[in-house]
Amino acid sequence: MAGVQINQLHKKFGNLSVLSGVDLDIADGEFVSFLGPSGCGKTTLLRSIAGLEDINAGAVILGDREITQLAPAKRDIAMVFQNYALYPHMNVYKNLSFGLSLNGVPRAEIDERVQNAARILQISELLKRRPKQLSGGQRQRVAIGRAIVRDPKLFLLDEPLSNLDAGLRVTMRVELANLHKRLGVTMIYVTHDQVEAMTLSNRVVVLDKGKVAQFGTPLELFYAPQNLFVAGFIGSPKMNFLSVDATLEGARSVRLGGEELDGTIDVALNVPISELQNSGHTLGIRPDNVELVAEHEAHVHGQVVLVERLGTESQVHLNLDNGQSFTIITRGTHPVSFGERVHLKFPAQHCHIFNAAGEALPRALDAETRSLIDRQKQSHGATTRGEER
Amino acid sequence: MGTDPDSAVQRNRFFEKLTPYLFISPWILGFLFFTLGPLIFSLVMSFYDWPVVGERTFVGVDNYRVMLTEDPLFWDSLWVTIKFGLFFVPFNIILGLLLAVLLNQKVLGSGIFRTIFYLPSVISGVALVTIWAWIYSHEYGILNFLLGLAGIEGPNWLGDPSWSLLAIVVASLWGLGGTMLILLTGLQSIPKELYEAAKISGVPAWARLVFITIPMLSPMLLFTFITSIIAAFQQLTIALLLTGGGPLESTYFFAMYIYDNAFQYFEMGFAAANSWVMFLIILALSMLVMKSSSAWVYYEGEMKNKEQADG
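Residues numbered from 1 in each chain as written. Chains lettered and ligands numbered in written order. Predicted model: local features only at pLDDT ≥ 70, side-chain atom pairs only at ≥ 80, totals over all residues. Heavy atoms only, no water.

Residue and element names in this part refer to chain A. The biggest cluster of nonpolar side chains holds 103 residues, and the ones touching the most others in it are I6, F34, L45, L156 and I188. Sequence-distant contacts of I188, defined by excluding residues within four places in its chain, comprise V4, I26, V32, F34, L46, I49, L154, F155, L156 and L157. Counting 38 residues, the second largest nonpolar core, distinct from the first, contains I110, I123, L126 and I148. (Core = buried A, V, L, I, M, F, W, Y, C linked by side-chain atoms within 4.5 Å. Buried < 20%, exposed > 50% of the residue type's maximum accessible area, 1.4 Å probe, protein only. Contact = heavy atoms within 4.5 Å.)

Here is the structure:
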């Protein structure tokens with residue numbers, strides 16, 4: 001087992017820069033997800049670690065061994081592909097044993113490893129079948145089994161669940177988490193699905209246009225996004241943004257105001273800051289943190305354009321008076337209706353502030369949230385957080 | 001109203017069903033008159049003594065009997081054809097596969113090479129033969145000239161019975177562009193991930209070719225195997241124009257035997273019987289290959305229609 005270190009990795013396709021200066025330090029035994037919209041470079045980064053892409057600059061270190069220039073087979077890794085990449089003309093046993101038998105592993109040992117992997121994945125009774133005779137979930141297991149028999153130091157998984165239907169995806173997600181716990185090996189997981197990333201990972205790398213936007217635990221990403229991109233990407237429905245003016249009120253407090261807001265909001269900071277640019281600030285607030293209040297208490301006002309009732313909550317889409325669209329979530333079946341005029345209040349403890357460069361100011365978190373984040377940082381392994389969705 | 005509505009409806013329905021056949025009728029008529037008709041006609045002919053001019057007489061299976069028991073040329077030409085096929089079929093497939101694998105690499109100008117390798121398949125047979133006649137020529141051929149530079153005295157390729165068949169095999173292989181193209185399309189339809197997964201598992205390049213490429217390509221290999229056998233049996237143009245069947249009938253192919261019986265000796269009935277024997281041989285060989293295919297051909301249909309059944 002080993003951690004992974006990536007230093008200043010650059011990758012270009014022709015003139016197009018896909019990865020520019022990626023630095024990561026992944027701990028031994030960690031489950032890390034690469035998360036981002038399509039085209040952000042997450043799969044390319046994974047394939048660079050695997051050695052399937054040549055990189056233009058940088059280094060990849062696995063354990064204490066630099067593997068940047070090694071052939072894929074020599075890197076002590078295993079990879080699970082999105083479309084499984086099973087050899088269709090071989091049965092499951094051959095699929096699992098093919099690589100081993102060509103690398104001079106004794107037959108008895110191959111058999112032991114295959115049977116062991118099959119037992120872990122509960123596919124022992126399928127060993128004689130061909131991939132065509134398997135269901136999607138079974139194929140996925142075989143693909144993972146092919147990685148397990150290699151007994152690698154690092155597992156690379158490229159959107160392994162995206163070809164499965166929704167129900168099966170949830171089951172396989174739990175199985176993957178259990179597998180990680182059982183094997184204790186470092187795993188890197190590429191996905192565009194934030195629920196997968198948030199539930200499976202110890203830490204998540206959010207990638208934006210070939211750069212690391214943030215590398216942190218799932219709750220850190222959610223409660224303390226470091227920039228506008230992460231704030232807007234994590235969480236569904238998306239965080240709302242408003243342009244505001246910000247002034248420093250002492251070293252640890254920022255007062256938000258400006259044309260868009262009625263009144264002001266004082267947001268406490270975690271770390272004292274000495275200077276603040278006056279213009280170009282953005283207030284961010286998640287839809288479920290907004291409160292519906294009476295007109296005189298409100299910071300902004302708007303009109304309901306759509307109500308989506310999901311039972312436990314209702315998503316209410318609004319047009320603010322300045323024309324901007326805005327989403328809020330109300331508990332249960334709050335009696336708002338189409339066309340109604342509503343008044344919104346932004347509780348200070350839920351407000352995120354971003355400067356003109358899109359970087360977050362370090363806001364103070366309440367004790368409960370902070371301890372939640374700290375606990376997640378410390379826990380390693382136990383990542384099955386049930387099956388929301 | 002006088003008309004019966006029921007029969008009108010039925011008439012409409014009949015025409016509705018007929019319409020598609022009317023649309024493809026030019027092809028149906030062409031097939032009936034120019035393919036199926038002559039085919040059956042030739043079968044009938046094969047039971048007759050059928051000179052081009054003069055009396056036709058029904059002779060029963062006499063043509064077949066004479067061919068199989070009295071005409072040594074039948075067996076000789078068949079043997080020449082089989083020898084030719086034994087060289088031509090494997091070389092056509094193996095060289096076609098090697099070229100396809102080479103052209104499938106991502107190298108600069110692979111498009112140009114693809115065109116160059118296919119070019120001979122486009123050239124007319126006669127032009128091709130003329131080129132090869134010059135290459136093989138005993139006195140002024142480029143092949144013997146080049147051999148001479150290396151200090152080797154080249155044989156009389158087309159005049160020496162021990163070399164002539166081989167010379168024709170090589171000239172025929174000039175047209176393996178078609179085989180190459182079929183195999184190349186096959187190669188390009190193999191999912192790249194299979195190779196990537198194999199690379200990560202440490203499978204060496206030769207094993208990727210033997211255990212992944214060839215099995216995945218087997219349906220195309222089967223197809224080219226059968227078409228190569230058929231091409232070998234129908235070999236006529238090159239031999240006819242290059243050697244005329246000589247020397248000492250060393251390149252006297254079965255197709256040439258049929259050709260001579262029909263257009264030199266005007267024994268149309270006999271030639272028709274020859275053709276049917278050739279047809280049966282090709283049919284038997286093809287069926288044999290098809291039968292063997294269940295053991296070595298893998299039909300994919302798996303990676304493409306990703307069935308997403310539940311586990």
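For the rest of this paragraph, the subject is the UniProt feature "domain: ABC transporter" (unreviewed entry) in chain A. Those residues carrying the UniProt feature "domain: ABC transporter" (unreviewed entry) are residues 4-234 of chain A in this numbering. Helix makes up 36% of residues 4-234 of chain A and strand 26%, and the two end C-alpha atoms of the span are 25 Å apart. (UniProt positions renumbered as here; feature names shortened; annotations may be inferred. Helix = DSSP H or I, 4+ residues; strand = E, 2+ residues; numbered from the N terminus.)

This paragraph deals with the packing of aromatic side chains. All chains considered together, the criterion is met by 29 aromatic pairs over all chains. Consider the rings of F229(A) and F233(A), whose centres lie 5.6 Å apart with planes at 10°: the pair is stacked. With a gap of four residues between them, F229(A) and F233(A) both fall in helix α8 (residues 228-233), about one helical turn apart. Overall, F229(A) belongs to the partly exposed group, its relative accessible area being 24%. Through pairs of rings, three or more aromatic residues link up here, namely F74(B), W75(B), F254(B), Y257(B) and F270(B). Lying over the aromatic face of Y87(A), R146(A) brings its terminal NZ or CZ to 4.9 Å of the ring centre. When the ring centre of F222(A) is taken as reference, the NZ or CZ atom of R286(A) above it lies at 4.0 Å. (Phe/Tyr/Trp six-rings, centres within 6.5 Å; stacked < 30°, edge-to-face > 60°. Lys NZ or Arg CZ within 6 Å of the ring centre and 35° of its normal.)

In this section: the confidence of the model for chain B. Residues and elements named next belong to chain B. In this model, chain B carries an average pLDDT of 85, and 95% of its residues clear a pLDDT of 70 or more. Note that pLDDT drops below 50 for residues 301-311; the model gives that stretch 27 contacts with residues more than four away or on any other chain. Here the complex is predicted with pTM 0.80, and the ipTM for its interfaces comes to 0.83. (pLDDT = per-residue confidence, 0-100.)

It is worth spelling out the interface of chain A and chain B at this point. In this assembly, 32 residues from chain A lie in contact with 28 residues from chain B. Approximately 2700 Å² of surface area, both sides summed, lies buried where chain A meets chain B, with 60% of it carried by carbon and sulfur atoms. If you sort the residues of chain A by the area they bury against chain B, P88(A), H89(A) and K132(A) come out on top, with a joint share of 21%. Across the chain A-chain B interface, the total number found is one salt bridge. Between E196(B) and R47(A) there is a salt bridge, and its shortest N-O distance comes to 2.7 Å. For the pair chain A and chain B, the number of links is eight residue pairs in polar contact (both at pLDDT 80 or more). Of all elements in the fold, only α1 (42-50), β6 (77-80), α2 (92-101) and α4 (136-148) of chain A reach the threshold of two or more residues within the side of chain A that touches chain B. The greatest single-element share of the side of chain A that touches chain B, amounting to four residues, is contributed by α4(A). Each residue belonging to the side of chain A that touches chain B can be placed in one class, and the counts come to 17 nonpolar, eight polar and seven charged. (Buried area = accessible area lost by both parts, 1.4 Å probe. Salt bridge = Lys/Arg side-chain N within 4 Å of Asp/Glu carboxyl O. Polar contact = N/O pair within 3.5 Å; in protein donor to acceptor, adjacent residues only side chain to side chain. Nonpolar A, V, L, I, M, F, W, Y, C, P; charged D, E, K, R; others polar.)

Attention shifts here to a nonpolar patch on the surface. A cluster of nonpolar side chains, namely W27(B), L29(B), F31(B), L32(B), F33(B), F34(B), L36(B), L39(B), I40(B) and V44(B), defines an oily patch on the protein surface of about 1000 Å² accessible area. A relative accessible area of 40% places L32(B) in the partly exposed class. (Patch = residues over 30% accessible without salt bridge, like charges linked within 9 Å, V, L, I, M, F, W, Y side chains within 5 Å. Areas by Shrake-Rupley, 256 points an atom, 1.4 Å probe, with all protein chains shown as cover.)

This paragraph deals with the environment of Q277(A). Residues and elements named next belong to chain A. On the secondary structure map, Q277 appears in the loop between β13 (265-268) and β14 (281-285). For the pair Q277 and A246, spaced 31 residues apart in the sequence, the C-alpha separation amounts to 8.0 Å. In this structure, Q277 is in contact with A246 and A356, ignoring residues within four places of it in sequence.

This part takes up the pairing of strand β11 (residues 240-248) of chain A. All names here are of chain A. Sheet topology places β11 next to β14; five bridges connect them, and they run antiparallel. Paired with F241 across the strands is G284, a residue of β14. Pairing analysis gives four bridges linking β11 to strand β12 (residues 253-257), with the strands arranged antiparallel. Pairing of L248 across the sheet is with V254, part of β12. The turn joining β11 and β12, which pair antiparallel and follow one another in sequence, is formed by four residues; a positive phi near 75° is taken by G250. (Pairing = 2+ DSSP bridges.)

The next subject is the sheet that holds strand β10 (residues 211-216) of chain A. Note on sheets: strands pair through backbone hydrogen bonds, and any given pair is parallel or antiparallel. Residues and elements named next belong to chain A. Ordered by their spatial adjacency, six strands build an open sheet running β6-β7-β8-β3-β9-β10, and the pairing between neighbours is mixed. Each edge of the open sheet is held by one strand with a lone partner, namely β6 and β10. Within the sheet, the average angular offset between the axes of one strand and its neighbour, ignoring direction, is 20°. Most of the contacts of α4 go to β6, to which it runs at about 170°, and overall it touches β6 and β7 (154-158). (Axes fitted to C-alpha atoms, helices over the stretch in contact; angles between N-to-C directions.)

This part takes up the domain arrangement of chain A. Residues and elements named next belong to chain A. Taken domain by domain, chain A consists of domain 1 (4-228) and domain 2 (238-364). Summarising the inter-unit geometry, the C-alpha centres of domain 1 and domain 2 are found 39 Å apart. Between domain 1 and domain 2, the residue contacts involve seven residues of the former and ten residues of the latter. Three residues stand out in domain 1 for area buried against domain 2, namely F222, P225 and L228, and they jointly supply 70% of the buried area on that side. At the surface where domain 1 touches domain 2, the tally comes to zero salt bridges. Between domain 1 and domain 2 we count four residue pairs in polar contact (both at pLDDT 80 or more) in total. At three residues, the largest contribution of residues to the side of domain 1 that touches domain 2 is made by helix α7 (residues 218-223). Considering only residue class, the side of domain 1 that touches domain 2 consists of five nonpolar, two polar and no charged. (Domains from an automatic or database assignment.)

Residues and elements named next belong to chain B. Structurally, T179 is set in helix α9 (residues 177-188). Since its relative accessible area comes to 10%, T179 is described here as buried. Here T179 is in contact with N92, I93 and T224, once residues within four sequence places are set aside.

What follows covers the packing of helix α4 (residues 72-103) of chain B against helix α8 (residues 161-173) of chain B. Helix packing for two helices is described by the angle between their axes and how far apart those axes are. All names here are of chain B. Closest axis-to-axis distance for the α4/α8 pair is 10 Å, and the angle between their directions is 35°. The handedness of the crossing between α4 and α8 comes out as right-handed. Counted together, V80, K83, F84, F87, F88, F91, N92 and L95 of α4 and L165, L166, I168, V169, S172 and L173 of α8 form the full contact between these two elements. (Left-handed = near helix turned anticlockwise from the far one by under 90°.)

By the secondary structure assignment, H352(A) is in strand β20 (residues 352-354). Separated by 127 residues in sequence, H352(A) and P225(A) place their C-alpha atoms 8.5 Å apart.

In this structure, T115(B) sits in helix α5 (residues 110-122). With 153 residues separating them along the chain, T115(B) and M268(B) place their C-alpha atoms 42 Å apart.

Residue and element names in this part refer to chain A. Averaged over all residues, the pLDDT of chain A is 89; the fraction at 70 or higher stands at 97%. Mean pLDDT values for the elements of chain A range from 86 in helix α9 (residues 367-378) up to 95 in strand β3 (residues 31-35). Overall, residues 381-389 carries pLDDT values under 50, and its contacts beyond four positions in sequence, including any with other chains, amount to 27 contacts.

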